[in-house]
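Listed below, chain by chain, are the residues.
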Amino acid sequence: MDAILTVDGVSKRFGGLMALSDVSFAVERGAITGLIGPNGAGKTTMFNCVAGIYTPTDGRILFADGVGEPLNVAGRKPERMTALGVARTFQNIRLFSALTVLDNVRIARHCRTSANFFGSVLRTPSQRAEERAIIDAAMENLDFVGLGETALSPAASLSYGDQRRLEIARALATDPRLILLDEPAAGMNPRETEALVDLIHAILGRGVTVVLIEHDMKLVMRICKRLVVLDHGIKIADGSPQEVRANPDVIEAYLGKGAAHA
Amino acid sequence: MRGAAHTLKYLLLAAALAYPLLPFRDVYVLHVLVLIMVYMVLAMGLNILPGFCGLLDLGFVGFYGIGAYTAGLLTIHYNMSFWLIVPLAVLNGALFGVLLGAPTLRLVGDYFAIVTFGFSELVVLFLTNEIWLTRGPLGIPGIAPISLDVTWLATLLGVDERWRYAFRGEVPYYYLAMVMVALVFLVMTRVEDSRLGRAWLAIREDPMAAASCGVNLFAYKVIAFAVSTGIGALAGAFLARWTLFISPDMFKFWESFLVLCMVVLGGLGNIRGALVGSAILIALGEVLRVALPKLGLPAETRFLAYGLIMVVIMRFRPHGLFTQVAESTMQSGLIKDLRARIAARRTA
């Protein structure tokens, strides 16, 4: 398997709580991997470790951009992970809500642009060209998720489903190779979820590998090629949706002891 | 409606430009107007921190003081030209901003506010006690006024004269202050509508999401601090060469609070708001200074009025007079083009 991301023995401890203990799995390049598990299983903690918000207490996180050698990126700052090509969305939508839809996405071009204070004040030709390119890239990503026409509205005025799509557009605008989607379908109606499935396949079509955390099992089983199941910070299963569905440990984790034999 | 607002703006600007030349001009009014413009520069500078980055800075006046003393000392010891002093004072302010910011900007929220408050008290203590340098509480009197020496231009043109203009009275300072406000306004609007300004606003809105967009939070906060403190020092340098006397009690904590009130009154993160906030609070301060003694109250009770205004603002307009952030962004040519493109797409 050509792995874009390899999580190798990662543990994360918060005081006395082991949020993750010795978790290992690999994410296949160009596929959709699902990270599932009951509430409090450590899924978002895992995302935060990969995205650089947390430094793992132990273990390695290897990121292979497909060109050079895999890099151990455990403990890198979030902005450096973004520059490397790892983007993410948040479980509780975190938009820049006082700004416009366009500005939310323009900010995401930060790591791919370079104008500084003096360039901005003097409006040098290169700064102007860069600003134009930022708008073009932002609009391209907004059109990709279907929000192009709302570009100049305040981000806070969007519907809940559109706000989730805007977060995805913002993540895509950083030109990632790997995107981490934290419960992208949460709070969406069936029609919006259907559009989300198409969007995720389109993201894959752009050559971006997708990892998602999701509680909608129908959705997960349908679109993921591989699943990783966490429970209480421990990986309890890993494999294709069929394998995971048949795994007694998974059934027990979701439904309680005895359910696997019922 | 929009057109009328524009016309009013230009009328006000024309009136402001013409006022010092009119026969009924009043030196006191001119003095207050210059003071307003000094505070406009301060408010625009401070606005970067709480307005753009969401950092509560209670020690802004410290950098105003550093700028003023840099200018005052360079003038009395080296008789340096104001035009050379301005960049030096700005750099000195920015330098102290970085020195204070680099170790403390990792603190968040109230902790950062406390450190900045402590710093401004430290500046006042330093200015009061390091008598060998600052003459302490006696202050620095007799600072030379600004002069504009363009004899080099005369020499260049082959004219054997001394082309030197010394600033006397309020009028030249008035116009210089206008230029200063206009320049800082231009810098601030351009920065607001740029990669740098967007990074700052992202930090204010949601630091974690900003970092995930690739913004190095610490570096951009330090840049914000350096720019903000540099502008504070600019206002200080002007003050020193305008009032011609500086002393430590001109830079007490109260001044920081006043500038913060201007920014909050105008609307955090709105540059026009900073201008309007300064004009209102300084003008009000002057009116109350005259009116209160007539009512038999000591002039110091005007501080109570400031407090009352802040309470009323917080109650009825919690986001200030102008609530729009990133205002200049929406007026840029690129965005106007985009608006037209989107409209064309909708009708197509």
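Rules used throughout
- Residues numbered from 1 in each chain as written.
- Chains lettered and ligands numbered in written order.
- Predicted model: local features only at pLDDT ≥ 70, side-chain atom pairs only at ≥ 80, totals over all residues.
- Heavy atoms only, no water.
- Patch = residues over 30% accessible without salt bridge, like charges linked within 9 Å, V, L, I, M, F, W, Y side chains within 5 Å.
- Areas by Shrake-Rupley, 256 points an atom, 1.4 Å probe, with all protein chains shown as cover.
- Salt bridge = Lys/Arg side-chain N within 4 Å of Asp/Glu carboxyl O.
- Helix = DSSP H or I, 4+ residues; strand = E, 2+ residues; numbered from the N terminus.
- Buried < 20%, exposed > 50% of the residue type's maximum accessible area, 1.4 Å probe, protein only.
- Contact = heavy atoms within 4.5 Å.
- Polar contact = N/O pair within 3.5 Å; in protein donor to acceptor, adjacent residues only side chain to side chain.
- Core = buried A, V, L, I, M, F, W, Y, C linked by side-chain atoms within 4.5 Å.
- Domains from an automatic or database assignment.
- Buried area = accessible area lost by both parts, 1.4 Å probe.
- Nonpolar A, V, L, I, M, F, W, Y, C, P; charged D, E, K, R; others polar.
- Disulfide = S-S within 2.5 Å.
- Phe/Tyr/Trp six-rings, centres within 6.5 Å; stacked < 30°, edge-to-face > 60°.
- Lys NZ or Arg CZ within 6 Å of the ring centre and 35° of its normal.

Concerning a nonpolar patch on the surface
All names here are of chain B. Where nonpolar side chains cluster on the molecular surface, the patch consists of Trp152, Leu153, Leu156 and Leu157 and spans about 460 Å² of accessible area. Along the polypeptide, Leu153 turns up in helix H7 (residues 151-157). Leu153 sits in the partly exposed class, given a relative accessible area of 31%.

Brief notes about the environment of Thr209 of chain A
All names here are of chain A. As for its position among the elements, Thr209 is in strand S8 (residues 209-213). Once the C-alpha coordinates of Thr209 and Leu5 are considered, the two residues, 204 residues apart in sequence, prove to be 9.7 Å apart. Those residues in contact with Thr209, other than ones at most four positions away along the chain, are Ile4, Val27, Glu28, Arg29, Gly30, Ala31, Arg177, Leu178, Ile179 and Leu204. Looking at Thr209, its side chain comes within polar contact range of the main-chain nitrogen of Gly30, at 2.9 Å.

Describing the nonpolar core
Nonpolar side chains in soluble globular proteins tend to be buried together. Ranked by internal contacts, the top residues of the largest apolar core, which has 155 residues, are Leu142 of chain A together with Trp200 and Phe238 of chain B. At 18 residues, the largest contribution of residues to this core is made by helix H2 (residues 27-53) of chain B. Both of domain 1 (1-85 + 176-262) and domain 2 (97-175) of chain A provide at least three residues apiece to this core. Here Trp200 of chain B is in contact with Ile48, Phe52, Cys53, Val191, Tyr220, Ile223, Ala224 and Val227 of chain B, once residues within four sequence places are set aside. Grouped together as the second largest cluster of nonpolar side chains are 27 residues, Phe25, Met46, Val73 and Leu84 of chain A included.

Considering the pattern of salt bridges
Inspection of every chain in the model, using the stated rule, returns 19 salt bridges over all chains. Across the pair Asp8 of chain A and Arg60 of chain A runs a salt bridge whose closest N-O atoms are separated by 3.2 Å. Here the residue Asp8 of chain A occupies a position in strand S1 (residues 3-14), and Arg60 of chain A occupies one in strand S4 (residues 58-63), the gap between them amounting to 52 residues. When its relative accessible area of 33% is taken as the criterion, Asp8 of chain A is described as partly exposed. Under the relative-accessibility criterion, Arg60 of chain A is labelled partly exposed at 39%. Here Glu286 of chain B and Arg289 of chain B are joined by a salt bridge, their closest N and O atoms 3.1 Å apart. Remark: Arg289 of chain B and Glu286 of chain B occur in helix H13 (residues 271-294); sequence separation between them is 3 residues, near one turn of the helix. You can call Glu286 of chain B buried: its relative accessible area is 12%. Beyond isolated ion pairs, a larger network of salt bridges with shared partners links Asp103, Arg106 and Glu131 of chain A together with Arg198 of chain B.

Considering the interface of chain A and chain B
By a widespread convention, an interface's size corresponds to the accessible area lost as its parts come together. The interface is formed by 43 residues belonging to chain A together with 37 residues belonging to chain B. Around 3,700 Å² of area is buried between chain A and chain B when both sides are counted, 62% of it from carbon and sulfur atoms. Together, His110, Glu149 and Leu152 of chain A form the three largest contributors to the area buried by chain A at its contact with chain B, with a combined 19%. At the boundary of chain A and chain B, one finds 5 salt bridges. For Arg341 of chain B, the salt bridge identified is with Asp136 of chain A, shortest N-O distance 3.9 Å. Counting the contacts that link chain A with chain B gives 15 residue pairs in polar contact (both at pLDDT 80 or more). Elements that contribute at least two residues to the side of chain A that touches chain B include exactly helix H2 (78-84), helix H3 (101-107), helix H4 (117-122) and helix H5 (125-145) of chain A. In terms of residue class, the side of chain A that touches chain B is made up of 19 nonpolar, 11 polar and 13 charged.

A few points about the side chain of Ser11 of chain A
Residue and element names in this part refer to chain A. Tracing the backbone through its elements, the reader meets Ser11 in strand S1. Taking the relative accessible area as the measure of exposure, Ser11 reaches 9% and is therefore buried. A polar contact of 2.9 Å, which involves the side chain of Ser11, links it to the backbone nitrogen of Asp22. Excluding its chain neighbours within four sequence positions, the residues that come into contact with Ser11 are Met18, Leu20, Ser21, Asp22, Pro56, Thr57 and Asp58.

Side note on the state of the cysteines
Put plainly, two cysteines are in a disulfide when a covalent bond ties their sulfur atoms together. Counted by the stated rule, this structure contains 0 disulfides over all chains. Not engaged in a disulfide, the cysteine Cys213 of chain B finds its nearest cysteine sulfur in Cys111 of chain A; these two sulfurs lie 7.9 Å apart. Classification of Cys213 of chain B by relative accessible area gives buried; the value is 3%.

Quick look at the packing of aromatic side chains
Two descriptors summarise a pair of aromatic rings, namely the distance from one centre to the other and the angle between the planes of the rings. In this structure the tally under the stated criterion is 20 aromatic pairs over all chains. Taking the centre distance of 6.2 Å and the plane angle of 65 degrees together, the rings of Tyr69 of chain B and Phe251 of chain B count as edge-to-face. You can see Tyr69 of chain B sitting in helix H3 (residues 60-78) and its partner Phe251 of chain B sitting in the loop between helix H11 (217-243) and helix H12 (253-266), a full 182 residues away along the chain. No difference in accessibility class separates Tyr69 of chain B from Phe251 of chain B, as the two residues are buried. Ring centres 4.8 Å apart and planes at 80 degrees place the aromatic pair Phe117 of chain B and Phe253 of chain B in the edge-to-face group. Of this pair, Phe117 of chain B sits in helix H5 (residues 110-129) while Phe253 of chain B sits in helix H12, placing them 136 residues apart in sequence. Judged by its relative accessible area of 34%, Phe117 of chain B is partly exposed. Judged by relative accessible area, which is 26%, Phe253 of chain B ranks as partly exposed. The structure contains a cluster of three or more aromatic residues connected by ring pairs, namely Tyr165, Phe167, Tyr173, Phe238 and Trp242 of chain B. Geometry around Phe96 of chain A places Arg170 of chain A over its ring, the cationic atom sitting 4.8 Å from the centre.

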